[in-house]
Amino acid sequence: MVEVKTEILSKYKAKVFKSRKDHILEVDSSKAQEIAANTRAIPGIMTNRGCCYAGCKGVVLGPLKDTLVLTHGPIGCGFYSWGTRRNKARPDENGENFVQYCFSTDMQEPDIVFGGDKKLRKALQEAYEIFHPKRIMICSTCPVGLIGDDIHAVAAWAEKEFNITCVAFSCEGYKGVSQSAGHHIANNGLMKRIIGTDDREVEGKYKINLLGEYNIGGDGWETERILKKVGYKVVAIFTGDGALADIARSHKADLNLVQCHRSINYVAEMMRDAFGTNWLKVNFIGLKATADTLRNIATFFGDSSLMDRTEEVIEEEMAAIAGDVAYFKNRLEGRKAAIFVGGSRSHHYQELLRDFGVTTVLAGYEFAHRDDYEGRRVIPNLKEDADSKNIENLVMSKDMRYRAFLSPERAAELKEKIGLENYEGLITDMPDGTFVVDDLNHYETEAFIELLKPDIFFSGIKDKYVIQKGGVLSRQLHSYDYSGPYSGFKGSLIFGRDLTMGLYAPAWKLVSPPWAQKNEKLSQDGLLREDSDA
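Residue positions within a chain follow its written sequence, with the count starting from 1. Residue-level local features of this predicted model are given only where pLDDT is at least 70; pairs of side-chain atoms are given and counted only at 80 or more, and the full residue set underlies all totals for whole chains, interfaces and linings. Water and hydrogen atoms play no part in the side-chain values, which are based on all heavy atoms of the structure.

### Focus on the overall build of the protein chain
A run of H or I in DSSP becomes a helix once it reaches four residues, and a run of E becomes a strand once it reaches two; helices and strands are each numbered from the N terminus. In terms of helices and strands, the protein chain carries 21 helices and 15 strands. Taken over the C-alpha atoms alone, the protein chain extends approximately 75 × 65 × 45 Å along its principal axes. Burial statistics for the protein chain: of 534 residues in total, 57% are counted as buried. Contacts were defined at the residue level, with two residues in contact if any of their heavy atoms lie within 4.5 Å. Of the contacts made within the protein chain by residues no fewer than 6 positions apart, 75% connect residues no fewer than 24 positions apart. Residue burial considers only the protein chains on display, and all accessible areas are found by Shrake-Rupley using a 1.4 Å probe. About 23400 Å² of surface is accessible on the protein chain, with carbon and sulfur atoms providing 52% of the total. In this count, Lys and Arg are taken as positive residues and Asp and Glu as negative ones, while His and the chain termini are left out. Lys charges are placed at NZ, Arg charges at CZ, Asp charges at CG and Glu charges at CD. Distance between charge centroids for the protein chain: 1 Å, based on 69 positive and 76 negative side chains. The classification of residues rests on relative accessible area computed with a 1.4 Å probe and restricted to protein chains. Under 20% of the type maximum is buried, over 50% is exposed, and intermediate values are partly exposed.

Structure below.
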């Protein structure tokens with residue numbers, strides 16, 4: 001039998017081999033395993049990562065609906081980070097929804113040579129005159145950091161000039177290792193300038209925030225529907241269909257629910273230290289996962305009536321879809337999947353796949369840190385490198401509004417019972433013999449497909465078509481290929497339907513992957529023929 005990891009690494013030259021070998025591991029629960037992560041990709045390798053700016057503007061800030069987010073940089077940066085993730089948003093009570101617009105200073109060569117401060121001021125003036133926003137955020141791209149435009153000074157000018165909130169984020173693309181650095185920068189800005197700035201009371205018995213939910217394909221709406229049905233008051237969502245007006249009051253919540261660990265764990269930790277708000281890692285992707293999450297939230301509040309209501313909602317939601325779920329499971333059971341996306345999705349979707357009898361043979365992240373793979377227990381032992389030092393690490397002290405919802409004894413009990421303020425990571429939830437790969441590249445993607453033969457490969461836009469040219473169905477988990485939502489109970493059913501339609505499409509019989517063409521080549525008339533000399 002071919003040793004998969006050895007076979008893949010054998011094609012690399014010594015220097016690349018040395019760099020990549022620790023990014024690939026075969027899961028073995030009998031021993032402690034360590035994976036290399038959050039290191040710079042090898043120059044020349046077709047990495048699927050995004051940049052620091054993409055993490056700040058494209059992931060965290062872009063989905064805010066009541067905020068005009070302006071890119072200071074070339075138009076390509078602004079356009080790339082706009083609309084590609086399908087962060088849906090409904091207008092707020094004032095009719096505002098800036099998500100549908102792409103705002104950019106459209107820097108040209110003269111701006112880069114002579115400076116873009118004046119152009120930024122002009123863009124802010126124009127944006128204010130047309131839209132009259134109450135909040136503007138400025139995100140800088142690579143040229144801005146290189147030429148030294150002081151976007152923070154311009155933001156301070158705009159606040160005074162227009163009497164609005166204007167926050168600048170120095171998130172130049174080259175900072176850090178990947179888009180993860182941009183997440184951190186965005187989290188810091190929200191904590192320093194927005195969270196806790198509105199002390200109006202929030203009505204509701206069980207008040208929660210939903211962190212790391214970006215409403216791709218309407219996921220956040222479906223999750224919020226279920227939470228409200230149980231009886232929770234959702235104070236703020238970070239940041240899909242979210243609003244800074246709500247985030248300003250997010251410190252009033254009793255509990256933070258963390259969906260995407262990597263992109264928002266910084267806010268969860270800082271709010272706990274500053275305001276005493278506990279956080280809980282959750283997963284609303286999958287039938288069992290959603291049910292378990294709802295039970296854990298109810299356990300946190302410790303109210304028997306809330307627990308009873310939770311069971312009623314779970315039973316009602318499951319009964320409504322049971323027949324269709326059984327049908328799709330019958331069609332999908334026994335299939336194999338590979339998953340390579342960002343955030344916590346490569347972990348979350350394994351639970352949804354299990355609901356339909358699909359096993360995951362390969363999983364990995366674009367921009368994870370070791371704690372996303374191995375669990376938060378490794379954080380004290382992580383070594384800070386030069387890239388990590390590029391990003392400010394805020395240390396919060398107790399705010400005068402600090403309040404502990406739980407007693408120390410109850411908090412300790414819940415840490416054991418429901419994993420309060422902990423995340424066990426991806427590796428601990430994967431069976432022995434499966435593979436975990438950090439920063440998967442295009443060569444490794446094709447090699448794993450040939451060796452592991454998954455029936456479907458979930459990915460992003462940069463590698464989707466590489467996979468499909470190999471004759472394997474690929475669905476994007478960054479945009480859902482214009483479907484969704486996939487969260488919650490009803491979303492799970494939509495996922496099962498989409499997966500069934502894709503796998504049973506006859507198109508895959510017409511695709512010949514590259515490794516099946518070793519003995520073929522194109523003749524001059526463009527027809528494939530057998531090559532006897534190959």
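Moving on from the model shown.
### A closer look at the pattern of salt bridges
A carboxyl oxygen of Asp or Glu within 4 Å of a side-chain nitrogen of Lys or Arg is what we treat as a salt bridge. One pass over the structure, following the stated rule, counts 42 salt bridges. Here Glu-421 ties to Lys-415 by a salt bridge, and the two come within 3.3 Å at their closest N and O atoms. The exposure class assigned to Lys-415 is partly exposed, which follows from its relative accessible area of 39%. Three or more residues are tied together by salt bridges with common partners; here these are Glu-269, Arg-272, Asp-273, Arg-376, Lys-415 and Glu-421.

### A few points about the sheet that holds strand E2 (residues 68-72)
What the 4 strands build is an open sheet, ordered E3-E2-E4-E5; its pairing is parallel. Every other strand in the sheet has two partners, leaving strand E3 (103-104) and strand E5 (165-169) as the edge strands with one partner each. When DSSP finds two or more bridges between two strands, those strands count as paired. Relative to strand E4 (residues 135-140), E2 runs parallel, the two being bridged by 5 bridges. Across the sheet, the residue bridging to Leu-70 is Ile-138, located in E4.

### A word on a nonpolar patch on the surface
Nonpolar side chains (Val, Leu, Ile, Met, Phe, Trp, Tyr) are joined into patches within 5 Å and like charges within 9 Å, using only residues with over 30% relative accessible area and no salt bridge. Together, Ile-112, Leu-146, Ile-147 and Tyr-174 make up an exposed nonpolar region whose accessible area comes to about 350 Å². Checked against the element boundaries, Ile-112 lands in helix H5 (residues 109-114).

### Some remarks on the packing of helix H15 (residues 345-355) against helix H21 (residues 488-503)
Interhelical geometry of H15 versus H21 gives an angle of 75 degrees and a closest axis separation of 11 Å. Regarding the angle of H15 to H21, the classification is roughly perpendicular. Counted together, Tyr-349, Leu-352 and Leu-353 of H15 and Ser-492, Phe-495 and Leu-499 of H21 form the full contact between these two elements. Split into classes, the residues belonging to the contact of H15 with H21 amount to 5 nonpolar, 1 polar and no charged. The axes are straight lines fitted to the C-alpha atoms, using for helices just the contacting stretch, and the angles between their N-to-C directions are given from 0 to 180°. Small angles under 35 degrees read as roughly parallel and large ones over 145 as roughly antiparallel, with 65 to 115 read as roughly perpendicular and the rest as oblique. When residues are sorted by character, Ala, Val, Leu, Ile, Met, Phe, Trp, Tyr, Cys and Pro go into the nonpolar class, Asp, Glu, Lys and Arg into the charged class, and all the rest, Gly among them, into the polar class.

### Some remarks on empty space enclosed by the protein
Cavities and pockets were defined on a 1 Å grid built from protein atoms only: a cavity is a group of points that admits a 1.4 Å probe but offers it no way out, a pocket is an open group of points flanked by protein on both sides within 12 Å along at least five of seven lines, and a lining residue is one with an atom within 4 Å of any such point. Grid points are joined across faces, edges and corners, and a volume is the space filled by probe spheres set on the points. Within the structure shown, the criterion is met by 2 cavities of 30 Å³ or more. Approximately 60 Å³ is the volume found for the largest cavity. As for the largest cavity, its lining consists of Ser-19, Arg-20, His-23, Thr-39, Arg-40, Ala-41, Ile-42, Ile-45 and Asp-439. Per-class residue counts for the lining of the largest cavity are 3 nonpolar, 3 polar and 3 charged. Taken as a whole, the second largest cavity holds about 40 Å³ of empty space.

### Brief notes about the pairing of strand E8 (residues 255-258)
Neither face of E8 is open: one carries Leu-255 and Leu-257, the other Asn-256 and Val-258, and all of them are buried. For strand E6 (residues 207-213) and E8, the ladder comprises 4 bridges, and the chain directions are parallel. Across the sheet, the residue bridging to Leu-211 is Val-258, located in E8. Handedness rule for crossovers: strands pointing away from the viewer, path from the first strand over the helix to the second running clockwise, crossover right-handed. Since E8 and strand E9 (residues 278-281) lie parallel, the crossover through helix H12 (residues 261-275) that links them has a hand, and here it is right-handed.

### Some words on the packing of aromatic side chains
Note on aromatic pairs: the rings of Phe, Tyr and Trp (six-membered ring only in Trp) are paired at centre separations within 6.5 Å, and the planes decide the class, stacked below 30 degrees, edge-to-face beyond 60, tilted for the rest. By the definition in use, this model includes 22 aromatic pairs. For the pair Phe-98 and Phe-131, a centre-to-centre distance of 5.9 Å together with 75 degrees between the ring planes defines the contact as edge-to-face. A residue pair is termed long-range when its members are at least 10 positions apart, and Phe-98 in the loop between helix H4 (75-80) and E3 and Phe-131 in helix H6 (residues 117-131) qualify at 33 residues. Among the residues examined, Phe-98 registers a relative accessible area of 6% and is labelled buried. Since its relative accessible area comes to 26%, Phe-131 is described here as partly exposed. Taken together, the ring pairs in this structure connect Tyr-206, Tyr-232, Phe-300, Phe-301 and Phe-405 into an aromatic cluster. For Arg-331, the ring lying beneath its charged end belongs to Tyr-504, and the centroid distance is 3.8 Å. For the cation-ring pair, Lys-398 lies above Tyr-402, with the distance from its terminal atom to the ring centre recorded as 4.6 Å. In this scheme, Lys NZ or Arg CZ marks a charge over a ring once it lies within 6 Å of the ring centre and within 35 degrees of the ring normal.

### Re the domain arrangement of the protein chain
You can read the domains of the protein chain as domain 1 (52-193) and domain 2 (207-332 + 377-418). Domain start and stop points were drawn from an automatic or database domain assignment. Placing a centre on the C-alpha atoms of domain 1 and another on those of domain 2 gives a separation of 27 Å. Counting residues at the interface gives 27 residues for domain 1 and 32 residues for domain 2. Together domain 1 and domain 2 conceal approximately 2600 Å² of surface at their shared face, both sides included; 63% is due to carbon and sulfur atoms. Taken together, domain 1 and domain 2 are joined by 2 salt bridges. Glu-392 is the partner of Lys-192 in a salt bridge, and the nearest nitrogen-oxygen pair spans 3.1 Å. Two N or O atoms count as a polar contact when they lie within 3.5 Å, although within protein this holds only if one can serve as hydrogen donor and the other as acceptor, and sequence-adjacent residues are included solely when both atoms are side-chain atoms. The interface formed by domain 1 and domain 2 contains 14 residue pairs in polar contact (both at pLDDT 80 or more). For the side of domain 1 that touches domain 2, the elements supplying multiple residues, two or more each, are helix H3 (52-61), E4 and helix H9 (179-193). For the side of domain 1 that touches domain 2, the leading source of residues is H9, giving 10 residues. Summed over both partners, buried area is the accessible surface (1.4 Å probe) that two parts give up on being assembled.

### With respect to the pairing of E4
Burial runs high along E4: 6 of the 6 residues are buried. A two-sided burial pattern is seen for E4, the buried positions comprising Arg-135, Met-137 and Cys-139 on one face and Ile-136, Ile-138 and Ser-140 on the other.

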